[in-house]
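# Structural description and commentary
Here is how the chains run, residue by residue.
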Amino acid sequence: FTAPIHHSSAQAEQYLASTLAFFLNSAVKVRFTIGIDCETRLLYSLSVSSPKLVHLCGTDTMGVVTGQPHLPPPLRVLKWASVLVIVWLVSTVNVLTLVLGMLAWLALYGVLFYFMVHKRELQRALLYMYFAKWPFGDMKVLSDFDMEPGNTFNLKTSEGHSLFGWVLLPLNEANPAANTDCVLYLHGNGGDISVPHRRRVYQAVRRQLGLTVVTFDYRGFGLSTGLPDYEGVIADSEWVLSHLRTKLGFKRIHLLAHSLGTGITTAMLERVARPPDTVTLLAPFTSVAEAAKYHIMLWPFRLPLYVSWVMDLVERHMMEPFSSIDVMTRISCPTLVVHGTWDLVVPYHLGTELFERMQTLPGGDLASMVTIPRASHNNLMSYDEVIGALAKLWGVSHATPKDD
């Protein structure tokens, strides 16, 4: 297949470029698209023999489709499943019905995008998902969630907001640091501090690492008052961090952030006079605009084909910045990045890009990364590798699940 390309005319190159671009438009590396190996050899031969064709295909000289991020394996399977569904629909459904259905689908997304661009409140609601509440149990009663021993708190901020949170005492007090160190957990979007996958994080820290966990809801989440915005959630996190030092007297504070909480953390670290003693970023992103491109609402524009102008529209009109890769100017304390390769919410490659950026900054030698094969977005703390890395970072011993 590559031989004719070496001697093709300009018209043939244009035709082949458009054909290849059609098939290659939704992958990072060509080897994930057409076949197993053949397309890699094809792209590398093209990059040497026909730079014009490579340019028309939208690839660089390393055989990578520019701007098309790597899809996690489950999404690659879903991508090809969607191709089969489309083929089946085209072959079985009445053409007029199919066209009308597609027009209705486009109209629905058009209305949604219009309101997202022009209504900041809607975009914030979709980003933070603060209105989602865990309906089971009273958060003021720790026993409703099997979170004892511990207590609850309402912390007044300088802006007059009330932040609700939990102070959860360790379940394994074998560590000498059990009463002097604490872990401040900054959660991601959606729900509140009582959501089950977050409770599993608290229990892993308390039981296996033997440290106190402090967690709270940003303004607008859970029982906290107000409405969230970029500056507000960062200010809330700064306020709680300061309170832990000045009022509760913890000697060492380990910041543990997940998903959207990692974007809040990186912005906050550029503002605080005294950073936490360590920082751990679980499933971080380069920017919320990049992560948004993988939201399930945008899958129809990624599977089976990547619709680049829609993704550009999302990035251009994202109102809440949260661009970790841009705000970081230094690494001020030991920092651990943890990411799973099968993360469908914040893809793995975004975490690796952020880590690579960290290594180029002053203090970059303080950054390290742990990759968990086949781990998803919300189950990272269930892996022994992560618990072991945290024990080393925090300077504590840890118990295995068998020791509980």
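It should be noted that the structure appears before, not after, this text.
Described in the following lines is the structure provided in the data block. Because the structure is a prediction, the values reported are computed rather than measured. (Residues numbered from 1 in each chain as written. Predicted model: local features only at pLDDT ≥ 70, side-chain atom pairs only at ≥ 80, totals over all residues. Heavy atoms only, no water.)

A separate point is a nonpolar patch on the surface. Together, Val95, Leu96, Val99, Leu100, Leu103 and Leu106 make up an exposed nonpolar region whose accessible area comes to about 570 Å². Structurally, Leu106 is set in helix H6 (residues 95-118). (Patch = residues over 30% accessible without salt bridge, like charges linked within 9 Å, V, L, I, M, F, W, Y side chains within 5 Å. Areas by Shrake-Rupley, 256 points an atom, 1.4 Å probe, with all protein chains shown as cover. Salt bridge = Lys/Arg side-chain N within 4 Å of Asp/Glu carboxyl O. Helix = DSSP H or I, 4+ residues; strand = E, 2+ residues; numbered from the N terminus.)

Turning our attention to the nonpolar core. Counting 59 residues, the largest nonpolar core has Tyr128, Leu184, Leu186 and Phe322 as its most contacted members. Per-element tally for this core: the top contributor is helix H9 (residues 230-246), with 6 residues. Apart from residues no more than four positions distant in its own chain, Phe322 is found in contact with Leu127, Tyr128, Tyr230, Val233, Leu260, Gly263, Ile264, Phe285, Thr286, Ser287 and Val288. In this structure, Met139, Tyr185, Val205 and Val386 belong to the second largest nonpolar core, which totals 35 residues. (Core = buried A, V, L, I, M, F, W, Y, C linked by side-chain atoms within 4.5 Å. Buried < 20%, exposed > 50% of the residue type's maximum accessible area, 1.4 Å probe, protein only. Contact = heavy atoms within 4.5 Å.)

All right, on to the packing of aromatic side chains then. With the rule as written, the count across this model stands at 11 aromatic pairs. Relative to Phe131, the ring of Tyr130 lies with its centre 6.0 Å away and its plane at 75°, an arrangement referred to as edge-to-face. Given a relative accessible area of 46%, Phe131 falls into the partly exposed group. On the numbers, 5.6 Å between centres and 45° between planes, the contact of Phe145 with Trp166 is tilted. One end of the pair, Phe145, is in the loop between helix H7 (120-128) and strand S1 (150-156); the other, Trp166, is in strand S2 (residues 162-168), and 21 residues separate them in sequence. In this structure, Phe145 and Trp166 share a single accessibility class: buried. Counting every residue linked through ring pairs, the aromatic cluster contains Tyr128, Tyr130, Phe131, Phe216, Tyr218, Phe221, Tyr230 and Phe322. (Phe/Tyr/Trp six-rings, centres within 6.5 Å; stacked < 30°, edge-to-face > 60°.)

What follows covers the pattern of salt bridges. Applying the stated criterion to the full structure yields 8 salt bridges. Measuring nitrogen to oxygen at the nearest pair gives 2.8 Å for the salt bridge that ties Asp236 to Arg219. Of the two residues, Asp236 is situated in helix H9 and Arg219 in the loop between strand S4 (212-216) and H9; the sequence distance between them amounts to 17 residues. For the salt bridge of Asp277 with Arg245, the shortest nitrogen-to-oxygen distance reads 3.9 Å. Of the two residues, Asp277 sits in the loop between helix H10 (260-269) and strand S6 (278-282) while Arg245 sits in helix H9, which places them 32 residues apart along the sequence. According to the relative accessible area criterion, Arg245 is buried, its value standing at 15%. Salt bridges here are not isolated pairs; linked through shared partners, they connect Glu159, Arg219 and Asp236.

Across the sheet, 8 strands lie side by side as S1-S2-S4-S3-S5-S6-S7-S8; this open sheet has mixed pairing. Two strands bound the open sheet, and with one partner strand each, they are S1 and strand S8 (367-372). Mean inter-strand twist for the sheet, computed between neighbouring axes without regard to direction, equals 20°. In terms of strand pairing, strand S3 (residues 181-186) meets S4 through 4 bridges, oriented parallel. Within S4, the residue paired with Leu184 across the bridge is Val214. Sitting on the sheet, helix H15 (residues 384-394) is in contact with S3, strand S5 (252-258), S6, strand S7 (335-340) and S8, with an inclination near 165° to S6. (Pairing = 2+ DSSP bridges. Axes fitted to C-alpha atoms, helices over the stretch in contact; angles between N-to-C directions.)

Attention now goes to the packing of H6 against H7. Relative to each other, H6 and H7 sit at 105°, their axes nearing to 5 Å. Classified by the angle their axes make, H6 and H7 are roughly perpendicular. Every residue of H7 that contacts H6 at Phe115, Met116 and His118 is listed here: Arg120, Leu122, Gln123 and Leu126. Residue composition of the contact of H6 with H7, by class: 4 nonpolar, 2 polar and 1 charged. (Parallel < 35°, antiparallel > 145°, perpendicular 65-115°, else oblique. Nonpolar A, V, L, I, M, F, W, Y, C, P; charged D, E, K, R; others polar.)

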